[in-house]
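An overview of the molecular structure
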Amino acid sequence: MSKVTIGKAINAGLRRAMERDPKIVIMGEDIGKLGGVFRVTENLQKDFGEDRIIDTPLAESGIVGTAIGMALRGYRPIVEIQFDGFVYPAFSQITCQVAKMHARSLGKIKLPMVIRIPVGGGIGAVEHHSESNEAYFAHTAGLRVVACSNAEDAYWMIQQAVESDDPIIFYEPKRRYHEKGEVDLTATSAPRPLFGANIALVGEHLTLAAYGPMVKVCLDAAAAAAAEGKSIEVIDLRSLSPLDLDAVATSVNKTGRLVVTHEASTFLGMGAEIAAAIQQRCFYSLESPVIRVGGYNLPYPPSRLEEEFLPDLDRVLDGVDRALAY
Amino acid sequence: MSKVTIGKAINAGLRRAMERDPKIVIMGEDIGKLGGVFRVTENLQKDFGEDRIIDTPLAESGIVGTAIGMALRGYRPIVEIQFDGFVYPAFSQITCQVAKMHARSLGKIKLPMVIRIPVGGGIGAVEHHSESNEAYFAHTAGLRVVACSNAEDAYWMIQQAVESDDPIIFYEPKRRYHEKGEVDLTATSAPRPLFGANIALVGEHLTLAAYGPMVKVCLDAAAAAAAEGKSIEVIDLRSLSPLDLDAVATSVNKTGRLVVTHEASTFLGMGAEIAAAIQQRCFYSLESPVIRVGGYNLPYPPSRLEEEFLPDLDRVLDGVDRALAY
Amino acid sequence: MSDKEVAMPPEGVDAAAVAALVAPVAEIIGGAEFVQLLTPEGERVDHPEYSQYVADLSDEDLRGFYRDQVLIRRFDAEATALQRQGELGLWASLLGQEAAQVGSGRALRPQDYAFPTYREHGVAWCRGVNPLNLLGMFRGVNHGGWDPNENNFHLYTVVIGAQTLHAVGYAMGIQHDHAVGTGDPDRDTAVIAYFGDGASAQGDVNESFVYAASTNAPVVFFCQNNQWAISQPVERQSRIPIYQRARGFGFPGVRVDGNDVLAVYAVTKAALNSARSGQGPMLIEAFTYRMGAHTTSDDPTKYRISAEVEVWKLRDPIARLKAYLTSSLKADPAFFDDVETEADALAGRVRAGCLAMPDPEPMSMFDNIYVEQHPLIDAERAGFAAYSASFEGEH
Amino acid sequence: MSDKEVAMPPEGVDAAAVAALVAPVAEIIGGAEFVQLLTPEGERVDHPEYSQYVADLSDEDLRGFYRDQVLIRRFDAEATALQRQGELGLWASLLGQEAAQVGSGRALRPQDYAFPTYREHGVAWCRGVNPLNLLGMFRGVNHGGWDPNENNFHLYTVVIGAQTLHAVGYAMGIQHDHAVGTGDPDRDTAVIAYFGDGASAQGDVNESFVYAASTNAPVVFFCQNNQWAISQPVERQSRIPIYQRARGFGFPGVRVDGNDVLAVYAVTKAALNSARSGQGPMLIEAFTYRMGAHTTSDDPTKYRISAEVEVWKLRDPIARLKAYLTSSLKADPAFFDDVETEADALAGRVRAGCLAMPDPEPMSMFDNIYVEQHPLIDAERAGFAAYSASFEGEH
Ligand SMILES: Cc1ncc(C[n+]2csc(CCOP(=O)(O)OP(=O)(O)O)c2C)c(N)n1
Ligand SMILES: Cc1ncc(C[n+]2csc(CCOP(=O)(O)OP(=O)(O)O)c2C)c(N)n1
Ligand SMILES: [Mg+2]
Ligand SMILES: [Mg+2]
């Protein structure tokens, strides 16, 4: 076991995947000598060469579009988008091409691509550097969307994503890059399947579902609630598309209450889908409505307001209390 | 009163708006001599000139980006996107620029823009011509999103949208362009506010909510259900962002049951938000879970399969029956 | 382009209108930067740089170019007819662009890869794609009915310009495979990316130029300037000739008579050779004309005058090759008759095949969305099966 | 660029490394297509086309250029210091690009409109934007703290390249207003769009070229080629000089010594005049250098060698103007002292202003999202107010 940060865990996962499969290439802006603005690809170019760690021109549609071409030629490209807010120039390539190529070709073409996106706020950044845009991609049929929340998952999920033959949007919790966790870098198989949720904490009275950077907030909230005698089950969803609804429903059938939280705006955020699905599946076991605690429905505010904008421990607990009040 | 098609109603609305306000310009591909591929701008260039009906180069980011510039100069641009599937190249301009300009400028800048998009399937078209992408824009804070379903609304809503100082995504129900309705082209004020829903049919046992092309399906379904003694209230949502949740909640508090339907994939579609919001607001009056009847979670299929893909009268009634079965 | 045409306006067309239209095009076509090897009248002319690329062509090759064009035109006409009869939802005709497509398509080597738009039926033909398969997407039974890797011919791409980036990425993959500049003619590989004059405005197309130049990828950009993007004339997209766009990105561009199959073949061959040998990208503008409507949904009378079409009829790609083959005695009437017969047979086969093309099974819509198992797809498939079964008694 | 510099490498820097770096740039700078009016040593040189545009400049104007550059550099240094001290979240320094920004900014007329990236502090200064307002977005108190229409200076745009399309659209609006080519110097208006060498790769920037060419819009594209896009050298984005990109779109491009304020002023003035008179767009590449890090978050030692920076120090835009002002007796030591004093005062003012800049009121985040009433915003505002009030006793 080693104690590594999430950033380093992804780096290690990328490295291992690249060692295993010579067809893997990484493409993106400033990922070579600089190692990416978050240093997630640090030293990879030194070790794997400029042919496999490809610094691209500054054009995201071009990155994704040429990565598609590389995949058509038999490569397995991993694309790094520098910040969440800069994926939109590639939106047409992702939604019309990446998501649809397999279906369009009646299964003749596979596009094993991973598009890595550092996501979310909380780092005091300027505009466009703190977006949570997972709902766009989760709503896009043909894509898969996953989000890691801790170092061990980061290490394994990136490897599993690279191994998948489907295109995957891979979200990395930007403000947690430096948080450490135990990872067994010598283990030979992943602890859990890529598209399954993980019960991060077992509890009785209420289910709290989150993903990515909000999982830690939820665990902290659960700890605070425990001190008041409230036993909260925390689910780390991990996969946003497909959603592991079985895991959520099982938990809700036990606890009777569900709070979903994310940084993205509540309106049509992931919480909407989870609430809509669970109110149907667990209609008779829900003792309170599903409560959503998300970002407000505003463009991400200036960073001096992000503490107010982002759901924090207090706001999550407020949601918990509202659910428990029914 | 005149009987006009939805397409002609929008044309008439555009014409009236342009007569009133010389700052209005329309920009898009093939909107001049050709009058747009759906002829919605037919004859407008002849009457208002090439300065106001601007045929653009074939580049959607360019259309929206330059329209922003025109708006900054004091114009009120109306952008026509030729088909739903071709709005994505402009996604960055819409989400990062159009949606955020007012907030970013602390209110100093207004962007009174309307982006018109013919939306949805059912016309036997090739790939990318039948998409329902309203959820992307409805999830984007800073935008407003509306969808007309009939000729009278089409005539008025386009005028109201053009008059709004906020940027608006304006959806036109492609497969209904040729459907006729009564419109009083001489009336001087709109029958209802732009952002409010409309009770298209009053009923008792269940609420059916829809928008755009699906409203007609719902009205037909309600008629069929009435024959079996089921009284269905049909809500034409009209505005998707903001949502007129008050209208939906009032109806559901009366009927106790809600079915939401749209062409877009169910997963994270508008129905998710409506279900999530209503299960919370009407927790105690809901006698069944909110049922969603949407497109399947696939890329839009080849047109010979679209009858199976799109929710039709039978599938809506199936949803109604499932709700009533609780 | 000789004055002859202006002197002979087609029946019923205003001579002045024709002259006004012919003049600017004649200037282009007479220009030094316009590669032509066969005049509209079918006379073989020499070009200092490009004649060499057709020097090796046998008479059979030349007859093949003719046959390709006639067959693909007949196929195209049949498809248009099938659309009119409701058998296809839409058709995008290549009428007038046969030489541009056959000339470039025949310049490809087997290992090369082509990325088409939605109108490259002639290129598909040259690559060996079964023409029947081209109908699938227009009939609405699929989004693309062939295996791209079988003939190294990618699926049609409807989103304007998107495929040019795929082409560059594929070409980057070729570089990574060290399949460029080795000198081995069966190993060195190039990519050809087709797009239209309208597409030249798209960000993606320009980014593809950036990437190709930056990586020196073995890709040939082949722009069929058919003068129109639906109702927009090419001047709306570019105020200078499109081939000159390449200058801004640091690689060569050349304009070729797109209705001259020899010139197109020569220029494409040269560009592909250059790309394969490691010299990087090149842009070809094939100056041609969309003789028909944009698609069967389009009504060109709204935006262009018929005299223009009449003028371009005089530059027909097939007629000029026929004139050359005849005058040079490279083909006899029997050959032309045979090709007509073959074309009839092809049309019949295509028609029969189209009519026999089954609708996809409803359940098939859940297939091939993902490679790996997906719970939501599974649930919806099961739900759909149960729902469909509930009607079974009724029908 | 003379050999002098190579002969005098800065202290502690390997002479061979410097020579290797200087050679290619010296070739560019010595090239015929490079406009320079003031050598790095501060000697006035003539240019057949562009000298005329500085002929009317008074000594006071020239001293003004100096003052502008010194003040903005001092402001920039203060902002960097404020960031180091935690008062700003980030800062994007313009160090080294003062001449490019002041030369172009001063060429603008009041009615002209500028669309900046995020680094145009010098242009903002010339437009009269209060420098303090530039800090807002970097401090995180807003996304842009000035009214764009007050000084005809748009907000900073962080999404690379997006603003170039806004600029073209604004220029199209000018055409629609018939405020171009009238001959009235107070009416005719042009737009200037700033972007970087990296941005030249973006689809939006290339589409802005397409639209500007197609509409002949009165817009000047001003690319500050500071050699780097974060860690990517300009060669990654373009294999030919960036000013030549314009050739591919059919309008003129020119490369100017971006560290020579006179040349930048002249070239920009000429381009703006041309645009205002109805001659359409032009591209200027200001060849300059980013002396500092990309932003305060960046670590340039990872990707570039310090010798390169040393070489560019010899081309400093302020030093050369000072040398010229001194040798030509257009300014005396007292003037330089005054400017220093003024710079100190500015820095002090900016520092004090920054420290005094209040955090935005939490409730203000709900303001100005929409112009018109919006029920969800209202509900969330109310909910937030109630939620915040619930803590009131606790703090
Ligand atoms: C991104 C995008 N925008 C718009 C369209 C609609 N559209 C289809 S074809 C076409 C014109 C294309 O013109 P050109 O590139 O010259 O090709 P041509 O059809 O002439 O072969 C347009 C606007 C599209 N398919 N994709
Ligand atoms: C669309 C987009 N992609 C990526 C980024 C991240 N980014 C910010 S600045 C920058 C480099 C810009 O280089 P250049 O255009 O040369 O301008 P410079 O910073 O040198 O002034 C990058 C990649 C961004 N802001 N927007
Ligand atoms: Mg065309
Ligand atoms: Mg730069």
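Conventions adopted
- Residues numbered from 1 in each chain as written.
- Chains lettered and ligands numbered in written order.
- Predicted model: local features only at pLDDT ≥ 70, side-chain atom pairs only at ≥ 80, totals over all residues.
- Heavy atoms only, no water.
- Donors = N, O, S within 2.8 Å, 3.2 Å for Na, K, Ca; no water.
- Helix = DSSP H or I, 4+ residues; strand = E, 2+ residues; numbered from the N terminus.
- Buried < 20%, exposed > 50% of the residue type's maximum accessible area, 1.4 Å probe, protein only.
- Near = heavy atom within 4 Å.
- Polar contact = N/O pair within 3.5 Å; in protein donor to acceptor, adjacent residues only side chain to side chain.
- Areas by Shrake-Rupley, 256 points an atom, 1.4 Å probe, with all protein chains shown as cover.
- Nonpolar A, V, L, I, M, F, W, Y, C, P; charged D, E, K, R; others polar.
- pLDDT = per-residue confidence, 0-100.
- Contact = heavy atoms within 4.5 Å.
- Least-squares fit on C-alpha atoms with pLDDT ≥ 70 in both.
- Buried area = accessible area lost by both parts, 1.4 Å probe.
- Salt bridge = Lys/Arg side-chain N within 4 Å of Asp/Glu carboxyl O.
- Pairing = 2+ DSSP bridges.
- Axes fitted to C-alpha atoms, helices over the stretch in contact; angles between N-to-C directions.

Now for the coordination of the magnesium ion (ligand 3). Residues and elements named next belong to chain C. Of the protein atoms, only Asp-197 (OD), Asn-226 (OD1) and Trp-228 (O) coordinate the magnesium ion (ligand 3), at distances of 2.0 to 2.1 Å. The motif formed by the donor residues of the magnesium ion (ligand 3), counted along the single chain, is D-x28-N-x1-W. Separated by 31 residues along the polypeptide, Asp-197 in the loop between strand S3 (191–196) and helix H9 (203–215) and Trp-228 in strand S5 (residues 228–229) bring together distant segments of the chain.

Below, the discussion takes up the coordination of the magnesium ion (ligand 4). Residues and elements named next belong to chain D. For the magnesium ion (ligand 4), every protein donor is listed as Asp-197 (OD), Asn-226 (OD1) and Trp-228 (O), and the spread of their distances is 2.0 to 2.1 Å. Spacing between the donor residues of the magnesium ion (ligand 4) along the chain follows D-x28-N-x1-W. Considered together, Asn-226 and Trp-228 belong to a single accessibility category, that of buried residues.

We now examine the site of ligand 2. Near ligand 2 you find 20 residues, and of these Glu-60 of chain A together with Tyr-118, Arg-119, Val-158 and Asp-197 of chain D are the closest. Mapping the residues near ligand 2 onto chains gives chains A and D. With respect to ligand 2, the backbone of Gly-198 of chain D contributes an N or O atom lying 2.8 Å from an oxygen atom. Between ligand 2 and the protein, one listed contact pairs an oxygen atom with a backbone N or O atom of Trp-228 of chain D at 2.8 Å. Coverage of ligand 2 by the protein amounts to 95% of the 580 Å² it exposes when considered alone. Residues belonging to the shell around ligand 2 are distributed by class as follows: 10 nonpolar, 6 polar and 4 charged.

Caution is warranted with low-pLDDT regions, since their predicted coordinates should not be read in detail. All names here are of chain C. Scored by pLDDT, chain C comes out at a mean of 94, with 94% of its residues at no less than 70. Contacts for the low-pLDDT stretch residues 1–10, under 50 throughout, to residues beyond four places or in other chains number 16 contacts. For this predicted complex, the interface confidence score (ipTM) comes to 0.97, while the overall pTM stands at 0.97.

Turning our eyes to something else, we now look at unusual backbone geometry. That bond from Ser-241 of chain A to Pro-242 of chain A is cis: its omega, 0°, falls within 30 degrees of zero. By the secondary structure assignment, Pro-242 of chain A is in the loop between strand S12 (239–241) and helix H9 (245–255). Here the phi dihedral of Gln-227 of chain D falls at roughly 75°; this positive angle occurs in a residue that is not glycine. Tracing the sequence through the fold places Gln-227 of chain D in the loop between strand S4 (219–225) and strand S5 (228–229). Positive phi, normally seen in glycine, also occurs at Leu-329 of chain D, with a value near 60°. Along the chain, Leu-329 of chain D falls in the loop between helix H13 (317–327) and helix H14 (333–356). Residue Leu-329 of chain D is classed as exposed on the basis of its relative accessible area of 74%.

The next subject is the relation of the copies chain C and chain D. Superposing chain C onto chain D takes a rotation of 180° combined with a translation of 0.0 Å along the rotation axis, leaving an RMSD of 0.0 Å. When the rotation and shift are considered jointly, the pair of chain copies conforms to a two-fold rotation axis. Both copies present the same face, since 96% of the interface residues in chain C are matched by interface residues at the equivalent positions in chain D.

With 52 residues of chain A at the interface, the matching set in chain B holds 52 residues. Both faces considered, chain A and chain B share a buried interface measuring about 4,200 Å² in area, 63% of it formed by carbon and sulfur atoms. The largest share of the area that chain A buries against chain B comes from His-139, Phe-267 and Leu-268 of chain A, three residues that together contribute 19% of it. Inspection of the region where chain A meets chain B yields 6 salt bridges. The residue Arg-292 of chain A makes a salt bridge to Glu-273 of chain B at a minimum N-O spacing of 2.8 Å.

Here we come to the sheet that holds strand S7 (residues 168–173) of chain A. As a general point, the strands of a sheet are linked pairwise by backbone hydrogen bonds and lie either parallel or antiparallel. All names here are of chain A. Read across the sheet, 7 strands follow the order S3-S2-S4-S5-S7-S6-S12 without closing on themselves; strand pairing throughout is mixed. With partners counted over all chains shown, the strands left at the sheet margins are strand S3 (53–55) and S12, one partner each. Between one strand and the next, the sheet's axes are offset by a mean angle of 20°, whatever the strand orientation. The pairing of strand S2 (residues 24–28) with strand S4 (residues 76–80) spans 5 bridges and is parallel. Residue pairing for S4: Ile-24 is matched across the bridge by Arg-76. Against the sheet, helix H1 (residues 6–20) touches S2, S3, S4, strand S5 (114–119) and S7, its axis set at about 135° to S2.

Take the relation of the copies chain A and chain B next. The transformation that overlays chain A on chain B combines an axial shift of 0.0 Å with a rotation of 180°, and the residual RMSD is 0.0 Å. Most of the interface of chain A is mirrored in chain B, where 100% of its interface residues again form contacts.

Residue and element names in this part refer to chain A. Per the stated rule, a full pass over the model turns up 92 salt bridges over all chains. Residues Asp-153 and Arg-192 are paired through a salt bridge, measuring 3.0 Å at the closest nitrogen-oxygen approach. Of this pair, Asp-153 sits in helix H7 (residues 151–163) while Arg-192 sits in the loop between strand S8 (180–183) and strand S9 (198–201), and the two are 39 residues apart along the sequence. By relative accessible area, which is 24% here, Arg-192 ends up partly exposed.

As a further point, take the site of ligand 1. Lining the immediate surroundings of ligand 1 are 20 residues, of which Glu-60 of chain B together with Tyr-118, Arg-119, Val-158 and Gly-198 of chain C lie closest. A distance of 2.6 Å separates an oxygen atom of ligand 1 from a polar side-chain atom of Tyr-118 of chain C. Measuring from an oxygen atom of ligand 1, one finds a side-chain N or O atom of Arg-119 of chain C at 2.7 Å. Protein burial of ligand 1: of its 580 Å² of free accessible surface, 96% is covered by the chains.

Our focus in this paragraph is the interface of chain C and chain D. Facing the 23 residues of chain C at the interface are 22 residues of chain D. Summing both partners gives a buried area of about 1,800 Å² for chain C against chain D, and 48% of it is carried by carbon and sulfur. Together, Val-210, Arg-239 and Gly-248 of chain C form the three largest contributors to the area buried by chain C at its contact with chain D, with a combined 31%. The tally of links from chain C across to chain D stands at 0 salt bridges. Along the contact surface separating chain C from chain D lie 12 residue pairs in polar contact (both at pLDDT 80 or more). Counting residues per element, the ones that place at least two in the side of chain C that touches chain D are H9 and helix H10 (234–237) of chain C.

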